[in-house]
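Report on the structure
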Amino acid sequence: MRRNDAQSIGDVLRLTIQECNMTARLDEQRAIGLWRPIVGDHVASRCGRPTVKLGVMSISVPAAPLRQELTMNRSSIIRIINGKLGKQVISEIRFIS
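Residues numbered from 1 in each chain as written. Predicted model: local features only at pLDDT ≥ 70, side-chain atom pairs only at ≥ 80, totals over all residues. Heavy atoms only, no water.

1. Examining the overall build of the protein chain
- Regarding its fold elements, the protein chain presents five helices and three strands.
- Element order for the protein chain, N to C, with α for helix and β for strand: α-α-α-β-β-α-α-β.
- By the compact-globule yardstick of 13 Å for 97 residues, the protein chain is too spread out, its C-alpha radius of gyration being 17 Å.
- Once the C-alpha set of the protein chain is aligned to its principal axes, its extents read approximately 65 × 20 × 20 Å.
- Out of the 97 residues belonging to the protein chain, those deemed buried represent 31%.
- For the protein chain, the exposed surface amounts to about 6,900 Å²; the carbon and sulfur share of it is 54%.
- When the 15 basic and 8 acidic side-chain charges of the protein chain are each reduced to a single mean position, those positions are 5 Å apart. (Helix = DSSP H or I, 4+ residues; strand = E, 2+ residues; numbered from the N terminus. Rg over C-alpha atoms; globule rule 2.2 N^0.38 Å. Buried < 20%, exposed > 50% of the residue type's maximum accessible area, 1.4 Å probe, protein only. Areas by Shrake-Rupley, 256 points an atom, 1.4 Å probe, with all protein chains shown as cover. Lys, Arg positive; Asp, Glu negative; His and termini not counted. Charge placed at Lys NZ, Arg CZ, Asp CG, Glu CD.)

2. A look at the environment of Gly-55
- Following the sequence through the fold, Gly-55 ends up in the loop between strand S1 (51-53) and strand S2 (56-60).
- Expressed as a C-alpha distance, the spacing of Gly-55 and Arg-67, which sit 12 residues apart in the sequence, is 20 Å.
- If we skip the residues at most four places from it in the chain, Gly-55 touches Glu-28, Val-89, Ile-90, Ser-91 and Glu-92. (Contact = heavy atoms within 4.5 Å.)

3. Observations concerning helix H4 (residues 64-72)
- Along H4, the residues that are buried comprise Leu-66, Arg-67 and Leu-70. Along the long axis of H4, the arc covered by the buried residues comes to 100°, so they all point the same way. Residues of H4 that are exposed and angled more than 90 degrees away from the buried face: Pro-65 and Met-72.
- Where H4 is buried, its residues meet helix H2 (23-39), helix H3 (41-44), helix H5 (74-85) and strand S3 (92-96). (Arc of directions from axis to C-beta.)

4. Remarks on the nonpolar core
- Ranked by internal contacts, the top residues of the largest apolar core, which has 22 residues, are Trp-35, Met-57, Leu-70 and Ile-90.
- Elements that contribute at least two residues to this core include exactly H2, H3, S2, H4, H5 and S3.
- Top contributing element to this core by residue count: H2, with five residues.
- Sequence-distant contacts of Trp-35, that is, excluding residues within four places in its chain, are made with Gly-40, Ala-44, Cys-47, Pro-50, Met-57, Ile-59, Leu-70, Ile-77 and Phe-95. (Core = buried A, V, L, I, M, F, W, Y, C linked by side-chain atoms within 4.5 Å.)

5. Regarding the pairing of S3
- Every second residue of S3 is oriented toward a common face, the buried set being Ile-93 and Phe-95 and the non-buried set Glu-92, Arg-94 and Ile-96.
- Here S2 pairs with S3 via five bridges, running parallel. Bridge assignment links Ser-58 to a residue of S3, and that residue is Arg-94. (Pairing = 2+ DSSP bridges.)

Here you go:
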């Protein structure tokens, strides 16, 4: 049996993601993936893996001086992440001990 309405796998995946309302969660995962390239390997290796929920990125930073430095640069990091994603995905970053 031949099908005449063939679609590419990419199109089917995009449609499924949209229909299941998974776009926001996928964007959050992309934001997590941008953390290391933005802050660099040296800083990222001293932090825990970021998590994102409802636009709030949380990152464990055990060293107080590094946590303070990241806190002072929080707005720049948010701007870079959202700029690379092309939309407002991250609204806040929390650095926790």
